[in-house]
Amino acid sequence: KSSKREWKPLEDHSCTDVPWLLLFIIFCVGMGFICGFSVATGAAARLLSGYDSYGNICGQKNVKVEGIVNSGLDLTHKKYVFFLDPCNIDLVHQRIKSLALCVSACPRKELKTLADIQKFAETNGSTLCSYELTPSEYTTDPRAAKLCPKYPVPESAPIPFFHRCAPVNISCYAKFAEALITFVSDSSVLHRLISGVMTSKEIIMGLCLLSLVLSMILMVIIRYISRVLVWILTILVILGSLGGTGVLWWLYAKQRVSVGVVETQIAKDNLHALLVYAISATVFTVILFLIMLIMRKRVALTIALFHVAGKVFIHLPLLVFQPFWTFFVLVLFWTYWITVLLFLGTTGSPVPNEEGFVEFRMVGPLKYMWWYHVVGLIWISEFILACQQMTVAGAVVTYYFTREKRNLPFTPILASVNRLVCYHLGTVAKGSFIITLVKIPRMILMYIHTQLKGKENACARCLLKACICCLWCLEKCLTYLNQNAYTATAINSTNFCTSAKDAFVILVENALRVAAINTVGDFMLFLGKVLIVCSTGLAGIMLLNYQRDYTIWVLPLIIVCLFAFLVAHCFLSIYEMVVDVLFLCFAIDTKYNDGSPGREFYMDKVLMEFVENSRKSMKEAGRGGGAEGRELKPM
């Protein structure tokens, strides 16, 4: 007798991995403690209201800091932070290297001399020089050269909710970007790139919206023509690749003729960018053709699963909106996390620095709280993504193992969310923690590799990259296994380890089919992403081409293509998830059922046709005694 436990889809539900849920709740309480501690120690007031270089919080009365002059002032009427040299940015310590003061108003126009600064103070009552100078001393006191702003003082405006005076002109930010982008040797190139983005911002927003619409249209197309989707996508990608490559070479030839007539730096930059784009598109098209030629025959089961996945989206239309909810929750959490991180940056006790000004620093064990906060970012983000995987898995499992589709719950998505919250949050917490354990070492090694870039020897560099690559591969494998473990949990309501073991056994038994699904299926979905990116990029080329004479559109086009790929990935990843869940359900169905009375299949007719065709192929190959008969053996 077989000692293996049989699968009983959706027959009972029980709580899984409760200790891990308790551990996750305790961890979240710790995250809340960090937020509460930073708020209680005044970090929230210092972040929102701002503080000067002497430790005074703007807009309120302050307590004297021992040993610091100009501290403990009443700044009730001075609500804005003003930096004497706002463009002097220290990238190493990640701060503005300038004296900060609290002022009653930001300079709304450029002040070119000390006399203008003095007139501004007398007119608006906002003193832009240090507290020890009165407005009448701005033009007479020799200390004004150090205690007054570096002029010309740029036009500034207060940042909403944060009471900081920020320069209106983007030239200051361009200088900051020059410091970050070290490969740009000519600052004029960077200025032209930024101006190109600013000039084309309406086109960029329109193209981003186009990519979103195209992704939605592709999801609708998948629902209705899934049987021929693979071949349609293949043809469209071939035409899109050839068309995009041909258009790029045509534009390059046309631009080359026009550059010979009117030679400008912008025209030369655009010509060089077009040549790079055209060569890259040609290489990409050739590689794409070779891959499609190799994989053209391995699509039978993939087409069947795509067809059933299309039916799933017809019965469960709310699946299309899963990326929106997940993205919305992630944005809310990331906003909270960044806010608390900013709180931590201003938490602590006032300590004089080497320049005689005040800095807020945490001492003792509390200074390591930000490590706990970083782990929280990874674990909770992975937890949110895992909740999406479990929700999708639960809904698709309900669809697959319900024989009469008319008996489906009114909203299978909400039913799946209800099961997740009531029974399986501990499983999700455990699975996301495993991914966190792999991701943190990889991020640490990447940080070390970045810090040692150019300093380590070739052997150390190779070893670091090998470790990073291995951890990345392990993370991807565990992510795939976790997703199948969530599916097994949704089917049998077992804990994470049992579900992962059961799912792994099923996947190993169907290794060849797993390889086919994860190559052909994922490649087809990748072609869908390529189609959206190519379509959006082609539209961007045609629209931005009209601005080629007065702006550089290299950076706008890159921004648009990256956004298009991100949107396409968010939508098609749901489809990929549905196909993977369907495959595991299909493998379990064919393993424990054979279509006989009492052991009827749950599968759709399309998948049943595939099984029958496989059996016929196996019988024919079996009579021939070929090796392919064993490969096509039904699961």
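Along each chain, residue indices are assigned from 1 in the same order as the chain's sequence is written. Only residues with pLDDT of at least 70 are given local features in this predicted model, and only at 80 or more are side-chain atom pairs given and counted; all residues enter the totals for whole chains, interfaces and linings. Note that the side-chain values use all heavy atoms of the structure and ignore hydrogens as well as water.

## Remarks on the overall build of the chain
In step 1: Only DSSP runs of H or I reaching four residues or more are called helices, and only runs of E reaching two or more are called strands; each is numbered from the N terminus. Broken down by element type, the chain carries 19 helices and 8 strands.
In step 2: Taking all 635 residues of the chain together, the buried fraction comes to 45%.
In step 3: What sets the accessible areas is the Shrake-Rupley method with a 1.4 Å probe; for residues, cover comes only from the shown protein chains. For the chain, the exposed area adds up to about 32,900 Å²; of that, 67% sits on carbon and sulfur atoms. Remark: exposure states derive from per-residue accessible area (1.4 Å probe, protein chains only) relative to the maximum for the residue type, with buried under 20%, exposed over 50%, and partly exposed in between.

## Brief notes about unusual backbone geometry
In step 1: Its identity as a non-glycine residue notwithstanding, N70 has a phi of 60 degrees, on the positive side.
In step 2: Tracing the sequence through the fold places N70 in the loop between α2 (43-49) and β1 (80-83).
In step 3: Despite not being glycine, S493 shows a phi value in the positive range, around 60 degrees.
In step 4: One can find S493 in the loop between α14 (458-492) and α15 (496-509).

## Points about the packing of aromatic side chains
In step 1: Here a pair means two rings of Phe, Tyr or Trp (six-membered ring of Trp) with centres within 6.5 Å. Their orientation is stacked below 30 degrees between planes, edge-to-face above 60, and tilted elsewhere. As enumerated under the stated definition, the model contains 16 aromatic pairs in all.
In step 2: When the ring of Y54 is compared with that of Y131, the centres are 5.8 Å apart and the planes differ by 50 degrees; the resulting orientation is tilted. Placement of Y54 in the loop between α2 and β1 and of Y131 in the loop between α3 (114-124) and α4 (144-147) is noted, with a sequence separation of 77 residues between them.
In step 3: Owing to a relative accessible area of 17%, Y131 belongs among the buried residues under this scheme.
In step 4: Joined through ring pairs, the aromatic side chains of W20, F24, F27, Y372, W379, F383 and F433 make up one cluster.

## Quick notes on the state of the cysteines
In step 1: Whenever a pair of cysteine sulfur atoms sits within 2.5 Å, that pair is classed as a disulfide. Throughout the structure, instances matching the rule amount to 3 disulfides.
In step 2: Between C58 and C102 runs a disulfide, and the two sulfur atoms are separated by 1.9 Å. Its S-S torsion of approximately -80 degrees makes the covalent link between C58 and C102 left-handed. With C58 in the loop between α2 and β1 and C102 in strand β4 (residues 100-103), this residue pair connects regions lying 44 residues apart in the sequence.
In step 3: Exposure remark for C102: the relative accessible area of 1% places this residue in the buried category.
In step 4: Disulfide pairing is shown between C129 and C148; the S-S distance is 1.9 Å. Between C129 and C148 the disulfide shows an S-S torsion of about 110 degrees. By sign, it is right-handed. Placement of C129 in the loop between α3 and α4 and of C148 in the loop between α4 and β5 (156-158) is noted, with a sequence separation of 19 residues between them.
In step 5: Relative accessible area serves as the criterion here: at 4%, C148 is assigned to the buried category.
In step 6: The closest cysteine sulfur to the non-disulfide-bonded C469 is located on C473, 4.3 Å from its own sulfur.
In step 7: According to the relative accessible area criterion, C469 is partly exposed, its value standing at 44%.

## Re the pattern of salt bridges
In step 1: Any Lys or Arg side-chain nitrogen found within 4 Å of a carboxyl oxygen on Asp or Glu counts as a salt bridge. By the definition in use, this model includes 5 salt bridges.
In step 2: The residue D141 makes a salt bridge to R143 at a minimum N-O spacing of 3.1 Å.
In step 3: Between K439 and E475 there is a salt bridge, with its nearest N and O atoms 3.3 Å apart. Linking K439 in helix α13 (residues 412-451) with E475 in helix α14, this pair joins segments that are 36 residues apart in sequence. As far as the burial class goes, K439 and E475 line up, both buried.
In step 4: Shared partners join several salt bridges into a network, and the residues in it are E382, K439, R442 and E475.

## Examining the side chain of S215
In step 1: Assignment of secondary structure puts S215 in helix α7 (residues 201-224).
In step 2: Reaching out from S215, the side chain makes a polar contact with the backbone oxygen of S211 at a distance of 2.9 Å.
In step 3: Throughout, a residue-residue contact means that at least one pair of heavy atoms, one from each residue, lies within 4.5 Å. With sequence-adjacent residues up to four places away left out, S215 is seen in contact with I532, V567, A568 and F571. N or O atoms within 3.5 Å of each other form a polar contact, as long as, within protein, one can give a hydrogen and the other can take it, and as long as residues adjacent in sequence are counted only when both atoms are side-chain atoms.

## Examining the packing of helix α1 (residues 18-40) against α13
In step 1: Think of each axis as a best-fit line through the C-alpha atoms, taken over the contacting stretch in the case of a helix, with angles from 0 to 180 degrees between the N-to-C directions. One way to put it is that α1 packs onto α13 with a least axis distance of 7 Å and a crossing angle of 70 degrees. With respect to α13, the element α1 is oriented roughly perpendicular. Classified by chirality, the crossing of α13 by α1 is left-handed. Counted together, W20, L21 and F24 of α1 and L425, G426, A429, K430 and F433 of α13 form the full contact between these two elements.
In step 2: Each residue gets one label: Ala, Val, Leu, Ile, Met, Phe, Trp, Tyr, Cys and Pro are nonpolar, Asp, Glu, Lys and Arg are charged, and the others, such as Gly, are polar. Considered class by class, the residues forming the contact of α1 with α13 number 6 nonpolar, 1 polar and 1 charged. These descriptions rest on fixed angle ranges, namely under 35 degrees for roughly parallel, over 145 for roughly antiparallel, 65 to 115 for roughly perpendicular, and the rest for oblique. Left-handed describes a crossing whose near helix is turned anticlockwise from the far helix through less than a right angle; right-handed describes the clockwise counterpart.

## Some thoughts on α3
In step 1: Among the residues of α3, L114, I117, Q118, F120 and A121 are the ones counted as buried. What you see down the axis of α3 is that its buried residues fit within an arc of 160 degrees, all on one side. Away from the buried face of α3 by more than 90 degrees, exposed residues K119, E122 and T123 are located.
In step 2: Summarising the contacts, the buried residues of α3 are in contact with α4.
In step 3: Two residues or fewer past α3, G125 is found with a positive phi of approximately 70 degrees. Directions from the helix axis toward the C-beta atoms define the arc.

## Focus on the confidence of the model for the chain
In step 1: On average, residues of the chain score 79 in pLDDT, and 82% of them reach the 70 mark or higher.
In step 2: A low-confidence stretch, residues 176-190 (pLDDT under 50), is modelled with 12 contacts involving residues beyond four sequence positions or located in other chains.
In step 3: Each residue gets a pLDDT score, which is the predictor's confidence in that residue and runs from 0 to 100. Below a pLDDT of 50 lies the segment residues 625-635, which in the model reaches 19 contacts outside its immediate sequence neighbourhood of four places, other chains included.

## Points about α14
In step 1: Taking 1.5 Å of rise per residue, 35 residues should cover 51 Å, and α14 covers 51 Å from first to last C-alpha, within 8% of that figure.
In step 2: Of the residues one or two after α14, S493 is the one with positive phi, at around 60 degrees. What a helix should span is 1.5 Å times the count of its residues minus one.

## Things to note about a nonpolar patch on the surface
In step 1: A patch consists of residues exposed above 30% relative accessible area that lack any salt bridge, with like charges linked at up to 9 Å and nonpolar side chains (Val, Leu, Ile, Met, Phe, Trp, Tyr) linked at up to 5 Å. Where nonpolar side chains cluster on the molecular surface, the patch consists of L341, Y368, W370, W371, I444, Y447, I448 and L452 and spans about 780 Å² of accessible area.
In step 2: Within the residue set of the nonpolar patch, elements represented by two or more residues are α12 (369-400) and α13.
In step 3: Residue contributions to the nonpolar patch peak at 3 residues, all from α13.
In step 4: Here I448 is to be found in helix α13.
In step 5: The exposure class of I448 is partly exposed, given its relative accessible area of 33%.

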